[in-house]
Amino acid sequence: MPEEIYEESQLYKIRHSAAHVMAEAMLERFPEAKVAIGPPIEDGFYYDFDLPTAINDDDIRWVEKRMKKILSQKHDFSMREVTAAEAREIFQDQPYKLELIDELVNERLDEDGAPIAAPADRLTIYRQNNFSDLCRGPHVASTRDINPKAVSISLRPPAGAYWRGDEKRQQLTRIYGTAWETAEDLRAYRQRLEEAIKRDHRVLGEKLDLFIIDSMVGKGLPLWLPDGATLRDTLERWLRDIQIERGYLPVVTPHLGNIELYKTSGHYPYYADSQYTPIDVDGDEFLLRPMNCPHHCRIYTSQPRSYRDLPLRYAEFGTVYRYEQSGELRGLTRVRGFTVDDAHLFVRPDQLLEEFQGVVKLIQHVFNALGMTDFRARLGTRDPDSDKYVGDNSLWEEATVAIINACEDLGMDYHIEPGEAAFYGPKLDFIVRDVLKREWQLGTVQVDYNLPQRFDLEYVDRDNERKRPVMIHRAPFGSLERFIGILIEHFAGAFPPWLAPTQAVIIPIRESHNPYAREVEALLKERGMRVKADLQDRNMRSKIKQHRRMNIPWLLIVGDRDMADRTVSVRLRTDENLGALPLDGFADAAAANIESQSQGIGL
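Summary of the structure given here. Every value quoted in this text rests on a predicted model; they were computed, and no experiment measured them. (Residues numbered from 1 in each chain as written. Predicted model: local features only at pLDDT ≥ 70, side-chain atom pairs only at ≥ 80, totals over all residues. Heavy atoms only, no water.)

1. Here's the deal with the overall build of the protein chain
Then, number 1: Counting secondary structure elements, the protein chain contains 19 helices and 31 strands.
Then, number 2: When its C-alpha atoms are laid out on the principal axes, the protein chain stretches across 90 × 75 × 55 Å.
Then, number 3: Per-residue burial over the protein chain gives 50% buried out of 603 residues.
Then, number 4: A sequence separation of at least 24 residues applies to 71% of the contacts in the protein chain between residues at least 6 apart.
Then, number 5: Surface summary for the protein chain: the accessible area is close to 28400 Å², and the carbon and sulfur share equals 47%.
Then, number 6: Taken together, the 79 basic and 98 acidic charged side chains of the protein chain have centroids lying 6 Å from each other. (Helix = DSSP H or I, 4+ residues; strand = E, 2+ residues; numbered from the N terminus. Buried < 20%, exposed > 50% of the residue type's maximum accessible area, 1.4 Å probe, protein only. Contact = heavy atoms within 4.5 Å. Areas by Shrake-Rupley, 256 points an atom, 1.4 Å probe, with all protein chains shown as cover. Lys, Arg positive; Asp, Glu negative; His and termini not counted. Charge placed at Lys NZ, Arg CZ, Asp CG, Glu CD.)

Okay, here's the thing in C-alpha cells:
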C-alpha cells in the first residue's frame, strides 16, 4: 500500500509498538546494550542495537518469548512532551539517542549555511511498561491491541547495519521482526517468505548460469554469463524495437565526462556522496557518469533547433555508476554499475501533454507484456523542507501541474508523495507488485523545466522567437540489472518462452539419433528460435532432469519413430508430455507462442 496510507493504518501502529516491546525485551536480555533506531518497514519492523556481546539464536528465542509475556500483561503506551534538557537526562546513558536529540533541537544548515529544517522546541517520548524511547509515534493504545500469536522476530542477514548508514561509523546489530493483526496473516507471511527464499535471484542467477559477482572485478559489478547476456539482450532488442516504432532516435554517449558537465546539470556536487572520486586527466577532472541526461542535453545543443524538429526523442541503454556502500549491495537489485533504459524527450510546451501520455502508455505496455499487471502510480513532489532540489518554485509548479493533468486525462489512479521527486523536477513512478505481493519501484517518467534552463536549451518557434523546450526523462525498466533481478524472482527463473535464454533443447535417445537432432536444431534456428541439441554422452533421463532444472520451456525427445515420421516428442518443463508432434507443426506453434509473447508454455 502507499507509504502515507500505511503510516496511518492500524497495522503500522501495531508494528511500531511491537518494535518498542522488542527493544524492552532486548534491554532485559542485554542491560548494557545501547539502543539506536527501530522503525516499522514494509513487512514488519527492525531495531538497531550496540550490543556488549554477540547475539545468538538462544538469545533471539528468549527475547521473542519475553515479548509475548510483556504483550500478555496489557501495558498502555503513553506519550509526553519534554524539553531537550529533560530528554538528555532521560537518555543520558544512550549515546545514539543523545546524537538524535542534538540533531533535532539544533538548526541544521546546508553547505551554503542555509537552514534545512527549523529546530524542534519540544520532543516526544513514548513509554510502555519499563521502556521509553524518543519517538514521534504513532502507537496503539495498549499492548492488548497486539496479538502475541501474530508476532515473531529473527536475526537474519543482513544482521549488521552501520549507524546512520555510514560505513565509517559503528556497526550495529539489526534485529528484524514482523507483526500482523492475526495469526493467519503471520502464517501467510511466513509462506511468502519461504517462497521468496526459493526465488532469490542471487541463488537462481547462479543455478541458471545467468550472472556472477566476482571479487577480483569488484563488489556490485555483475558479470553477465552467456545465458544472462542473452536474456538481457532479448529485453534490450524488444524495447529498442518498440521505441523505434514510436519515433525514438538511438544515441550512444561515453561512460564518463568532464566534471563541468555534471556541475552544470547539478548532479555534482549535490550527489557527491554517491559518486566516484573525479579522475584527473591532463589537468582536467572527469567523472564516471552518474546520469545520462547531461550527455543528451549536449547532443541537443550540437545544432540549432526549430519548432519543426520537436519533439526529439533520444534513447540510450546507458551505463551509469554510483558509489553504493558495501552493506547495501545485493545481487542485481543494488549494484555500483547499472544500465538505464534511458530516454530524454525535448518537446514544445504544447506537445507536453501528448508526449507525457505517450510515455505512460509505453511503460504500461512494457509491464503488461511481462505479466506484471499489478501496478500503481506515485507522483513524487518536492519536499519544501529539503535543499536537494534545484530550480525555481514556479517551474516546479508548472511541471507538477503538467503531470497531474496527464494522469487525469488518462483516467489513471495515482497518489502524491512529497519528497520523492528527482532533484530537478517532479516524477511519476510506477510501483509494481510481483507474484509474492512485494512492491518494487520500476518505471519512471519525469517532467523537467530546470535542465533545459541550466544547459540553455533553445529552439526557434514559428514566430521566430527563441524559446525553451521542456524535457521529459523516462525509463520503463529503470535499472536493467535491477529489473532483471526482479524478473528472475517474479518468474522464479521459469521465463516465458520469448524471454527464455534457451527456448528448446533437442535430446536424442541414442547416439544414432544425433544426426536427426542436429537437423531439428538447424531447422528451428532458421525459424529464429534459441535452441541447442544436447549430444553429450549421457543417458536421456539425466539430460531431461538437467534441462528441467534449468527451466528450459520445451524438451524435444527424438528417437527412431521421430526420425522416420519427422516428428519431435515434446515434453514441457513442467514434465507434461505432449507426445509426438510433426516437426513443422511444432515449429509453427512455438513461433506463434514466442511472437505473441505468451506467458504460458503450452502449444
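2. Concerning the pattern of salt bridges
Then, number 1: The full count for this structure, using the stated rule, is 44 salt bridges.
Then, number 2: With a shortest N-O distance of 3.6 Å, Glu64 and Lys68 are connected by a salt bridge. Remark: Lys68 and Glu64 occur in helix H3 (residues 57-72); sequence separation between them is four residues, near one turn of the helix.
Then, number 3: The buried category is assigned to Glu64, whose relative accessible area is 17%. (Salt bridge = Lys/Arg side-chain N within 4 Å of Asp/Glu carboxyl O.)

3. Examining the sheet that holds strand S15 (residues 256-258)
Then, number 1: Ordered in space as S15-S17-S16, the three strands form an open sheet in which the pairing is antiparallel. At either margin of the open sheet sits one strand with a lone partner, and together these are S15 and strand S16 (279-281). The sheet shows a mean angle of 35° between the axes of neighbouring strands, direction not considered.
Then, number 2: One ladder, built from three bridges, connects S15 with strand S17 (residues 284-288); its direction is antiparallel. If you follow Asn258 over to S17, its bridge partner there is Phe286. (Pairing = 2+ DSSP bridges. Axes fitted to C-alpha atoms, helices over the stretch in contact; angles between N-to-C directions.)

4. Considering the environment of Asp575
Then, number 1: By the element assignment, Asp575 lies in the loop between strand S30 (567-572) and strand S31 (577-582).
Then, number 2: Between the alpha carbons of Asp575 and Trp554 there is a distance of 9.6 Å; along the sequence they are 21 residues apart.

5. Quick word on the state of the cysteines
Then, number 1: By the definition in use, this model includes zero disulfides.
Then, number 2: Here Cys297 is not cross-linked by a disulfide; its sulfur's nearest cysteine counterpart is in Cys293, at 6.5 Å.
Then, number 3: On the basis of relative accessible area, Cys297 is assigned to the buried category, the value being 0%. (Disulfide = S-S within 2.5 Å.)

6. Here's the deal with the side chain of Glu316
Then, number 1: As for its placement among the helices and strands, Glu316 is situated in strand S18 (residues 312-321).
Then, number 2: Given a relative accessible area of 5%, Glu316 falls into the buried group.
Then, number 3: Separated by 2.8 Å, the side chain of Glu316 and the backbone nitrogen of Thr253 make a polar contact.
Then, number 4: In terms of polar contacts, Glu316 uses its side chain to reach the side chain of His296, at 2.8 Å.
Then, number 5: When residues no more than four places from it in sequence are discounted, the contact partners of Glu316 are Val251, Val252, Thr253, Arg289, Asn292, His296, Val340, Asp341 and Asp342. (Polar contact = N/O pair within 3.5 Å; in protein donor to acceptor, adjacent residues only side chain to side chain.)

7. Quick notes on a negative patch on the surface
Then, number 1: A surface patch of like charges, here negative, comprises Asp280, Asp282, Asp284 and Glu285.
Then, number 2: Inspection of the secondary structure puts Asp284 in strand S17. (Patch = residues over 30% accessible without salt bridge, like charges linked within 9 Å, V, L, I, M, F, W, Y side chains within 5 Å.)

8. Thoughts on the sheet that holds strand S4 (residues 78-82)
Sheet strands pair by backbone hydrogen bonding; their relative direction is either parallel or antiparallel.
Then, number 1: One open sheet holds the three strands; their spatial order is S4-S7-S8, and the pairing between them is antiparallel. Two strands close off the open sheet at either side, each with one partner strand: S4 and strand S8 (131-134). Across the sheet, the axes of successive neighbouring strands diverge by a mean angle of 25°, strand direction being ignored.
Then, number 2: With five bridges joining them, S4 and strand S7 (residues 123-128) adopt antiparallel strand pairing. For Arg80, the partnering residue across the bridge sits in S7 and is Ile125.
Then, number 3: Sheet strands in contact with helix H2 (residues 10-29) are S7 and S8, and its direction is about 120° off that of S8.
Then, number 4: Where helix H5 (residues 95-105) meets the sheet, its contacts fall on S7 and S8, and the angle it forms with S8 comes to roughly 40°.

9. What to know about the environment of His255
Then, number 1: The residue His255 is located in the loop between strand S14 (249-250) and S15 in this model.
Then, number 2: Residue His255 is classed as partly exposed on the basis of its relative accessible area of 36%.
Then, number 3: Distance in space between the C-alpha atoms of His255 and Asp273 is 19 Å, their sequence separation being 18 residues.
Then, number 4: A distance of 2.9 Å separates polar atoms of two side chains, one belonging to His255 and the other to Tyr321.

10. Re helix H15 (residues 480-491)
Helical geometry: 3.6 residues make up each α-helical turn, so side chains three or four residues apart lie on a common side.
Then, number 1: Taking 1.5 Å of rise per residue, twelve residues should cover 16 Å, and H15 covers 16 Å from first to last C-alpha, within 8% of that figure.
Then, number 2: Every buried residue of H15 is accounted for by Leu480, Glu481, Phe483, Ile484, Gly485, Ile486, Leu487, Ile488, Glu489, His490 and Phe491.
Then, number 3: Looking one or two residues beyond H15, the residue adopting positive phi is Ala492, at roughly 55°. (Expected span 1.5 Å × (residues − 1).)

11. Quick look at a nonpolar patch on the surface
Then, number 1: On the surface, Ile212, Val217 and Leu223 cluster together into a nonpolar patch covering about 200 Å² of accessible area.
Then, number 2: Counting through the fold element by element, Ile212 comes out in strand S12 (residues 211-213).

12. Looking at the packing of aromatic side chains
Then, number 1: With the rule as written, the count across this model stands at 15 aromatic pairs.
Then, number 2: Between Trp180 and Tyr189, the aromatic rings sit 5.3 Å apart at their centres with planes inclined by 40°, giving tilted as the arrangement.
Then, number 3: Its relative accessible area of 9% is what places Tyr189 among the buried residues.
Then, number 4: Residues Phe367 and Phe430 carry aromatic rings whose centres are separated by 6.1 Å and whose planes lie at 70° to one another, so their mutual orientation is edge-to-face. Highlighted residues: Phe367 in helix H12 (residues 352-369) and Phe430 in strand S22 (residues 427-433), separated in sequence by 63 residues.
Then, number 5: The exposure class assigned to Phe367 is buried, which follows from its relative accessible area of 0%.
Then, number 6: Given a relative accessible area of 1%, Phe430 falls into the buried group.
Then, number 7: In this structure, Arg164 is placed above the aromatic ring of Trp163, and the distance from its NZ or CZ to the ring centre is 5.1 Å. (Phe/Tyr/Trp six-rings, centres within 6.5 Å; stacked < 30°, edge-to-face > 60°. Lys NZ or Arg CZ within 6 Å of the ring centre and 35° of its normal.)

13. Side note on the packing of H2 against H3
Then, number 1: For the pair H2 and H3, interaxial distance at closest approach is 9 Å and the crossing angle is 120°. The orientation of H2 with respect to H3, classified from their angle, is oblique. Of the two elements, H2 crosses H3, and the hand of that crossing is right-handed. Contacts between H2 and H3 involve Ala18, Val21, Met22, Glu24, Ala25, Met26, Glu28 and Arg29 from the former and Asp58, Asp59, Trp62, Val63, Arg66, Met67, Ile70 and Leu71 from the latter.
Then, number 2: The residue makeup of the contact of H2 with H3, split by class, is ten nonpolar, no polar and six charged. (Parallel < 35°, antiparallel > 145°, perpendicular 65-115°, else oblique. Left-handed = near helix turned anticlockwise from the far one by under 90°. Nonpolar A, V, L, I, M, F, W, Y, C, P; charged D, E, K, R; others polar.)

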